[in-house]
Amino acid sequence: MDGVLKGFFVVGIVLLVGYILGKTNALGPQGSKVLSTLTFMVGLPSLMFSTIASRHISDVLSPTGLISVVTASAVMLVFALSGTIFRWGVRRTTIGALATGIVNSTNLGVPLSQYILGSTTFVVPIMLFQLALVTPIALTILDLTNPAATKVSVWRVLSTPFRNPVTVAAILGVIVSAAGIQLPDWTLDPMKLVAQLAVPLMLIIFGMSLHGLSAGQGIGDRAPTTLAVVLKSVVQPALAWVLAVFVFRLDSFSTFVVTACAILPTGQNVVLYALRYGVGQKIAQSTAVTTSILAVPLLLGAAWLMG
C-alpha cells in the first residue's frame, strides 16, 4: 500500500505545481497553449517512438496485456455506442471514449507499477496498445472531423495519419518494433532525453487546466462524464478481474496486476488532446480528476483484498 501512496504523492506534487502556475498566471495567457504545443509536437512523439521501438510488439499478446486490451476496447466501445445513441457528436464522443479507455500508464502507471508490482514492464503492453493503435485512430478521427478543415478528399483521408506528429511517431515505432530492428543507443538516447519532457509537462498542463474548473459540468457534459467515470473506475476493473479469474485463470498476483492496471485513472494525455483540438475539455478534465481520486481507495482496496 505504501507504493500506491508514494506514486500518488509524486504525481500530486507535480499537479500542484501546474495548478499554482495556472492560478498565478506565471506563464502568461498563452502559457498552457505553448506547453501543450511543445508536448504535442516534440515531447509526446519522442516518448511514443522511443517506447514502442525499444519493445517487441508481441508483448501485447501476453495474458495480462491481452486482458488490458480487451477491457479497454470494451469500455470504449460502450461509450462510443452511447455517444451515437444520444448524439453527443463524433468529436466529443471520441474524447469521451479516450477518457474511458486510455489509462495513465506513463506518468502514473510507471511509478505505481515500479512501487507496487516491482517492475515497470507490466504497463508496457498497455502503453503499446494505447500509443500504437488507439491514439493514432482517435487523432485521425479528430483531424478528419475538424470543422475548420478544408473539404475532405480521398487523399486527405489517406494522408491524415501521416500529418500528425504523434501518429507518425507511433507508426514508425511499430515498424521498427515489428521488424525487430535494434537501434543503436546514440539514435535513441536523444529521443529518450526529449521524451522526458512529456510526462512532467502533461501533468503540469493538467494541473494548470484545473484552475477555474467548476465542480459541476454543464447539462451537455454531465451525462458523458458520468458514464466515462463509471466505465473507467467500475466496469473496466470488474471486467479485468472476471477475465483474469474465470477465463484466463491467472494466479493471484497476475490477477492483481491486471486489476490494478485497469484501476489506473484516465491519462493526462487525453486532457492534452482535448485542449489541443478544442473539444470535450470538461469531459476529459473532470473524468481525469474523478478517476484519479477514486483510484486511491480502489487500489488500496484491491491490494488488501488480493494480498
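Scoring rules and cut-offs
Residues numbered from 1 in each chain as written. Predicted model: local features only at pLDDT ≥ 70, side-chain atom pairs only at ≥ 80, totals over all residues. Heavy atoms only, no water. Helix = DSSP H or I, 4+ residues; strand = E, 2+ residues; numbered from the N terminus. Buried < 20%, exposed > 50% of the residue type's maximum accessible area, 1.4 Å probe, protein only. Contact = heavy atoms within 4.5 Å. Phe/Tyr/Trp six-rings, centres within 6.5 Å; stacked < 30°, edge-to-face > 60°. Axes fitted to C-alpha atoms, helices over the stretch in contact; angles between N-to-C directions. Parallel < 35°, antiparallel > 145°, perpendicular 65-115°, else oblique. Left-handed = near helix turned anticlockwise from the far one by under 90°. Nonpolar A, V, L, I, M, F, W, Y, C, P; charged D, E, K, R; others polar.

Undergrad: Explain the overall build of the chain to me, and be specific about the residues and the numbers.
TA: Scanning the chain for helices and strands turns up 14 helices and 0 strands. Tracing the chain from N to C terminus, the helices and strands come up as α-α-α-α-α-α-α-α-α-α-α-α-α-α. Expressed as a percentage of its 307 residues, the buried residues of the chain come to 49%. Partitioning the intrachain contacts of the chain with sequence separation of at least 6 by distance along the chain shows that 82% fall at a separation of at least 24.

Undergrad: Describe the environment of G267, naming the residues involved and giving the relevant values.
TA: Turning to its location among the elements, G267 is positioned in the loop between helix 12 (252-263) and helix 13 (268-277). When its relative accessible area of 1% is taken as the criterion, G267 is described as buried. In this view, G267 contacts I102, V103 and N104; residues no more than four positions away in its chain are not counted.

Undergrad: Now, about the packing of aromatic side chains: what can you tell me, with residues and values included?
TA: Scanning the entire structure with this criterion turns up 5 aromatic pairs. Relative to Y277, the ring of F40 lies with its centre 6.2 Å away and its plane at 80°, an arrangement referred to as edge-to-face. Of this pair, F40 sits in helix 2 (residues 31-53) while Y277 sits in helix 13, and the two are 237 residues apart along the sequence. With respect to class, F40 is no different from Y277; both count as buried. One aromatic cluster is present, built from ring pairs that chain together F40, Y273 and Y277.

Undergrad: Hey, could you go over the packing of helix 2 against helix 9 (residues 185-195) for me, with residue numbers and the actual values?
TA: The interhelical angle for the contact between helix 2 and helix 9, taken along N-to-C directions, is 130°, at an axis separation of 8 Å. The orientation of helix 2 relative to helix 9 falls into the category oblique. When the axes of helix 2 and helix 9 are compared, the crossing they make is left-handed. Here helix 2 contributes V42, G43, S46, L47, F49 and S50 to the contact with helix 9, which in turn contributes L188, M191, K192, V194 and A195. Here the residues of the contact of helix 2 with helix 9 are counted per class, giving 7 nonpolar, 3 polar and 1 charged.

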